[in-house]
Amino acid sequence: MRAEISAAEAELLLQATIKGELPDTRGRFGPFGGRYIPETLVPAFERLEQGIADHLHTDSFQNDYRRELREWVGRPTALSHAPRLSERWGTDVWLKREDLAHTGAHKINNAIGQALLAKRLGAKRVIAETGAGQHGVASAAACARLGLPCRVYMGAVDIERQAPNVDRMLRLGAEVLPVETGDKTLRAAIDEALREWVTDPDGIYYLLGSAVGAHPYPYLVRELQSVIGHEARQQIIEQAGGLPDVAFACVGGGSNAIGLFYPLVGDADIELIGVEAGGTGDGLGQNAATLATGTPGVLQGCYSIILQDEHGNVQETHSVSAGLDYSGVGPEHALFQAIGRVKYISATDSEALEALEELCELEGVLTALETAHAYAAAKKWSADNPGKRILIGNSGRGDKDMPTLTKYPARTRSYAAT
Ligand SMILES: *Cc1c(COP(=O)(O)O)cnc(C)c1O
């Protein structure tokens, strides 16, 4: 069952989005979002909400944030034309290079922004959760930069799967806490981090890694990641001579996608397409295609679309890319789907692996496995839309994926032969 939104209501919600009026005062994006949390967490969330209102859009905060993005993260990241891929696909392809950002993905935009906010709020230390480890690494780096002690909760299963990232976090001065409860992966790590936050909401800042969770996190993360779309919009006008016909981004929790899409939603002629992990098949548990196959429900404090069985039990997910392996998705994406502004589709593990190979060989860019899902979908779209201009959010680099990739033999020779 999906929340039904009439055409008139959808238009109002789209206009509200464009005017920057969402989320509303209750943290809602239309029917989605909000804050479904236990009483014990209310003071911590209220304090954060007040802190954002007091600081985020002040000149003083924005000056600090922009300086860190420029001098430490390496922004603006490049917009690269992809001439050989364009020739192969028959479209005009442009890549927004978040892989060139410090620590290798878009996650650092959010981590350094929230770490700056933590300082403003007088926090003594930071806690964070991580699944694959990328957000943990970004948080550890941002905290080291600002001299904040950092503790990262990570599921015991993920610690085993992602050993190199654990080592990176430790070297960056963070403490990594194994989580043995629940599913021992990302969901359990978030629960444990929230549990610790309750014990000292004034002294601890909880640095959440995607555009998910209870209000105000989906809003905060969108505001910090929107730098991607603002830069890309300006760059593509300057370099390509106009706006794209379509923009693609991969969607896990949805932070890189909301960062690229949000500044483009008002451009009615740009089609926006989010790409989820189609895994190995359509069955529950075989993928992480939340918006494509899920149903409305509450997960980790937020009403959105989630993967659950008919009894409301949240389902495990599967994807070859650890960063897309999550059973929920940000509430603003649920809204964009419901009002028809963004289309959400999926690409399978093998389609993503194939797309990664093609991009590597034709453009010299080893993209992240997460990002490769966006390429797989963009390639299919190209077949039906020759000559169109495509913008792809290249959310991160694939160096971290080498242990996974070595399990699949390189196929570059077969591409070279075509
Ligand atoms: C973590 C990650 C993602 C997925 O997270 P979102 O919040 O959906 O952006 C996508 N790409 C890369 C490279 C990542 O590291």
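Remember, predicted model here, so these are calculated numbers, not experimental data.

Engineer: Let's hear about the packing of aromatic side chains: which residues, and what values?
Structural biologist: The description of an aromatic ring pair rests on the distance of the ring centres and on the angle between the ring planes. Applying the stated criterion to the full structure yields eight aromatic pairs. Look at F45 and Y217: their rings are 5.8 Å apart centre to centre, the planes differ by 90°, and that puts the pair in the edge-to-face class. One end of the pair, F45, is in helix α2 (residues 42-55); the other, Y217, is in helix α10 (residues 217-225), with 172 residues separating them in the sequence. Of the two residues, F45 and Y217, both sit in the buried class. Feature note: the residues F45, W197, Y206 and Y217 constitute an aromatic cluster, connected by ring pairs. Positioned above the aromatic ring of Y262 is the side chain of R222, whose terminal nitrogen or guanidinium carbon lies 3.8 Å from the ring centre.

Engineer: Please give an account of the nonpolar core that cites residues and values.
Structural biologist: W197, Y205 and Y206 are the most contacted members of the largest nonpolar core, which has 101 residues in total. Taken domain by domain, this core gets at least three of its residues from each of domain 1 (26-69 + 107-222) and domain 2 (74-104 + 226-417). Excluding residues within four positions of it along the chain, Y205 makes contact with L48, Q114, L117, A118, L121, A123, R125, V126, I127 and L220. Counting 26 residues, the second largest nonpolar core, distinct from the first, contains A277, A288, V365 and W381.

Engineer: Any chance you could break down the sheet that holds strand β10 (residues 271-279) for me, citing the residues and the numbers?
Structural biologist: Taken together, the six strands give an open sheet; going across it, the order is β3-β4-β14-β9-β10-β13, and neighbouring strands pair in mixed fashion. The open sheet terminates on both sides in strands that have one partner only, identified here as β3 (79-81) and β13 (342-348). Each adjacent strand pair in this sheet contributes to an overall mean axis angle of 25°, direction not counted. Two strands pair when backbone bridges link them, and strand β9 (residues 246-250) and β10 are joined in this way by five bridges, in the parallel orientation. Following the sheet pairing, V246 is matched in β10 by E271. Along the sheet, helix α15 (residues 349-363) makes contact with β3, β4 (92-97), β10, β13 and β14 (389-394), crossing β13 at roughly 90°.

What counts and what doesn't
- Residues numbered from 1 in each chain as written.
- Predicted model: local features only at pLDDT ≥ 70, side-chain atom pairs only at ≥ 80, totals over all residues.
- Heavy atoms only, no water.
- Phe/Tyr/Trp six-rings, centres within 6.5 Å; stacked < 30°, edge-to-face > 60°.
- Helix = DSSP H or I, 4+ residues; strand = E, 2+ residues; numbered from the N terminus.
- Buried < 20%, exposed > 50% of the residue type's maximum accessible area, 1.4 Å probe, protein only.
- Lys NZ or Arg CZ within 6 Å of the ring centre and 35° of its normal.
- Core = buried A, V, L, I, M, F, W, Y, C linked by side-chain atoms within 4.5 Å.
- Domains from an automatic or database assignment.
- Contact = heavy atoms within 4.5 Å.
- Pairing = 2+ DSSP bridges.
- Axes fitted to C-alpha atoms, helices over the stretch in contact; angles between N-to-C directions.

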